[in-house]
Amino acid sequence: MTADMTMRDVFFEECEDLIAALTEGLTAMRDGSTDSETVNAVFRAVHSVKGAAGAFALDDLVGFAHTFETVLDHVRSQRLTLDDRILHVLQRSGDILADLIETAREELPTNSAQVDPVLADLQSFLGDAPAEAEDFTFEALTLAFDGPADAGSTYVVDFTPNAAFYTSGNDPVLIIAALQSLGTTRVTVDLSRLPTGLDDLHWQDGLLSWQLEIEGLGSDLPILEVFEFVDDLCALQVKLLDEDTAVPDIATATAPDSPVEQDGMDAAAGMAGDTSDQKARNAADKGSTRAASSLRVDPERIDRLINAVGELIINQSVISQRLQHANLPNTAELFADLDDYKLLAREIQEGVMAIRAQPVKPLFQRMLRIAREAADATGKVVELITEGEATEVDKTVIERLADPLTHMIRNAIDHGIEAPDLRTAAGKNRQGRLRLAARQRSGSIVIEIADDGAGLNRPRIREIAVSKGLVAEDAQLSEAEIDHLLFAPGFSTAKEVTNLSGRGVGMDVVKTAITALGGRVAISSQFGQGTTFSITLPLTLAVMDGMIINLGGQTMVVPISSIVETIRPKDADLSQIGLNNTLLRIRGEYVPIIDLAERMGQVATLRDMTDRVLLLIQTDSVPQCALAVDDIFDQRQVVVKSMQGNYGEISGISGATILGDSKIALIIDPEAVAQGNSVYAVTNSQNGRDVSYVAAC
């Protein structure tokens, strides 16, 4: 990869952070936070994109960003008053800016049909009033800025932009403003190269030079980050202040009085250094003098590291098993060393997983756009509320979750939330409410998409399923079974085909994608009140804690996250119901026992249930059930290998792993096992109370 391409990659990576900051700021503005700090943060993000894009001659991106930031400049200077229409156009402009960045990254032509209407909306806010004329005078300037008080060194920056700096859309004032935020700053400008007459003055020649003193820095890294995208467009020198580099006293003037100049100094905060500028502010807020920094790593390198860690864990299992076969005494020092090896392998694995872990916030921000577009397309008024944005999950999970969430958000708005007039007639708020939440729970991440719409019309769902031949007309279905018909291929409740629905694809794609991630989907709905879809996913797709079990002579793995406890049942704990079904009585409750060997297609074992081990599990669809297994061998970390690419989806199996003896063991999917057994309830009266029994058929 060439150096130029490397810089482009860095630019687009930085743009991801800037778009995230832009989206966050626009969301805050939509929610009523219109203070100067929020508006300035949005302005800085757009200006940073524009300035850096100019360095790569991305003209369409620069042009749109310029109009966008001009409108934002009018907002922050209170020349424009925020209302619903302006906020809506600003939100759409943020979406278009993100699209233009992606188009530039892929080197595709600009979609003018998509960009031009939004650009016209932006320009409509600016009007046709000509810019006010300003007096043009040359004056030597020394500006003093009171930045954040902080102990540290003083650095001197010599900064001379060249012609390319100006032609690419950059502005020295904004660079200086970004540097000012790092600490107390003193600025002088060198006017010695200016011509004596205006006829000889050409703005793009780069005739001005600046020297800045910045106090209170622990290193020069924050300064260099400010110049990250323009260091090849200027002559730059950064050094520690000593007696030889002290800034001389030149003619001193007060801060500029012109509205344009004052406005730029007050509110702007840094072209290409905006992201690092914010990092520096955060560090200052914490009382730290050390510059905040981050390290960008090629994802392929992390993947190779994860694979190596997986092999390390497998190797640890191999050594452990060979030592057991060697029949060494338990006091042997090798076992102590093996325990140290195991702990070290786990620490390395957790560290590598932490590198790949990312908050779901960027994904949720993308869903804000999906919700806006779906609401506009259906003519509905919808508020999307996000919770748990800081919840972290494996990067691969986040990437592969985007499409399922997109389908579910569109489905909730198109089918779930009613039109404004229908909501009003039902006594609801005209504006629909859609909640997107994430949280961690016992080694898994749970994502909920909840709406306050009409809820599921189960009779209609069943009727459509029968008409499409998905279920028999005389089939007896529970509410949960009717709900899961939504995931059947070809199922749709839409009466006509639209841009959002009606083709019979969508929710089945969701189920397939979630299953491929080792996850599951649960539905809860109350007619007239709303529907909640709950997606449960593993935090990582690479490594998991598992319980190694014996099942009819086969070694398998059950995820620890699903197991509540293990039980050696006694006769008094067991109750027979029907001919072949057994219940486990535990703490006053009865739960069904599923013979896991039989469920996996093996011949039913003749061993008495009291000679076997029960794994009490909990899933989203079944509160509690017990899996009967023959023995438990061990509890250890296992490396998860996908089987779907080679064998397709296997009911009850979520993947496979390699054990210490180099044999392959299948990984049980407790959710699928529990759902694969139909259940029924029998009510019996005991001691004057109704007791519900749930048994597997």
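So, a few notes on the structure that sits alongside this text. (Residues numbered from 1 in each chain as written. Predicted model: local features only at pLDDT ≥ 70, side-chain atom pairs only at ≥ 80, totals over all residues. Heavy atoms only, no water.)

So, on to the sheet that holds strand β11 (residues 520–526). Reading across from one edge, β7-β9-β10-β12-β11 is the order of the five strands in this open sheet, with mixed pairing throughout. Of all the strands in the sheet, the pair left with one neighbour each is β7 (382–387) and β11. This sheet shows a mean twist of 15° between the axes of neighbouring strands, independent of strand direction. One ladder, built from six bridges, connects β7 with strand β9 (residues 432–441); its direction is parallel. (Pairing = 2+ DSSP bridges. Helix = DSSP H or I, 4+ residues; strand = E, 2+ residues; numbered from the N terminus. Axes fitted to C-alpha atoms, helices over the stretch in contact; angles between N-to-C directions.)

A word on the packing of helix α2 (residues 36–55) against helix α3 (residues 59–76). Between α2 and α3, whose axes approach to 9 Å, the crossing angle comes to 155°. With respect to their mutual orientation, α2 and α3 come out roughly antiparallel. For the element pair α2 and α3, the recorded crossing hand is left-handed. In this structure, α2 uses V39, N40, V42, F43, V46, H47, V49, K50, A53 and G54 to contact α3, whose residues at the interface are L61, V62, A65, H66, F68, E69, L72, D73, V75 and R76. Grouping the amino acids of the contact of α2 with α3 by side-chain chemistry returns twelve nonpolar, four polar and four charged. (Parallel < 35°, antiparallel > 145°, perpendicular 65-115°, else oblique. Left-handed = near helix turned anticlockwise from the far one by under 90°. Contact = heavy atoms within 4.5 Å. Nonpolar A, V, L, I, M, F, W, Y, C, P; charged D, E, K, R; others polar.)

So, about helix α7 (residues 172–180). Among the nine residues that make up α7, seven are buried, leaving the element largely enclosed by the rest of the structure. For α7, every residue scored as buried is listed here: P172, L174, I175, I176, A177, A178 and L179. For α7, the capping residue at the N-terminal end is D171, with a side-chain oxygen 3.0 Å from the backbone nitrogen of V173. (Buried < 20%, exposed > 50% of the residue type's maximum accessible area, 1.4 Å probe, protein only. Polar contact = N/O pair within 3.5 Å; in protein donor to acceptor, adjacent residues only side chain to side chain.)

This part takes up unusual backbone geometry. Residue Q78 is not a glycine yet carries a positive backbone phi of 65°. Take Q78: it is sitting in the loop between α3 and α4 (84–106). The phi dihedral of E107 is positive, around 55°, even though this residue is not glycine. Within the secondary structure, E107 sits in the loop between α4 and α5 (112–124). Classification of E107 as exposed rests on a relative accessible area of 59%.

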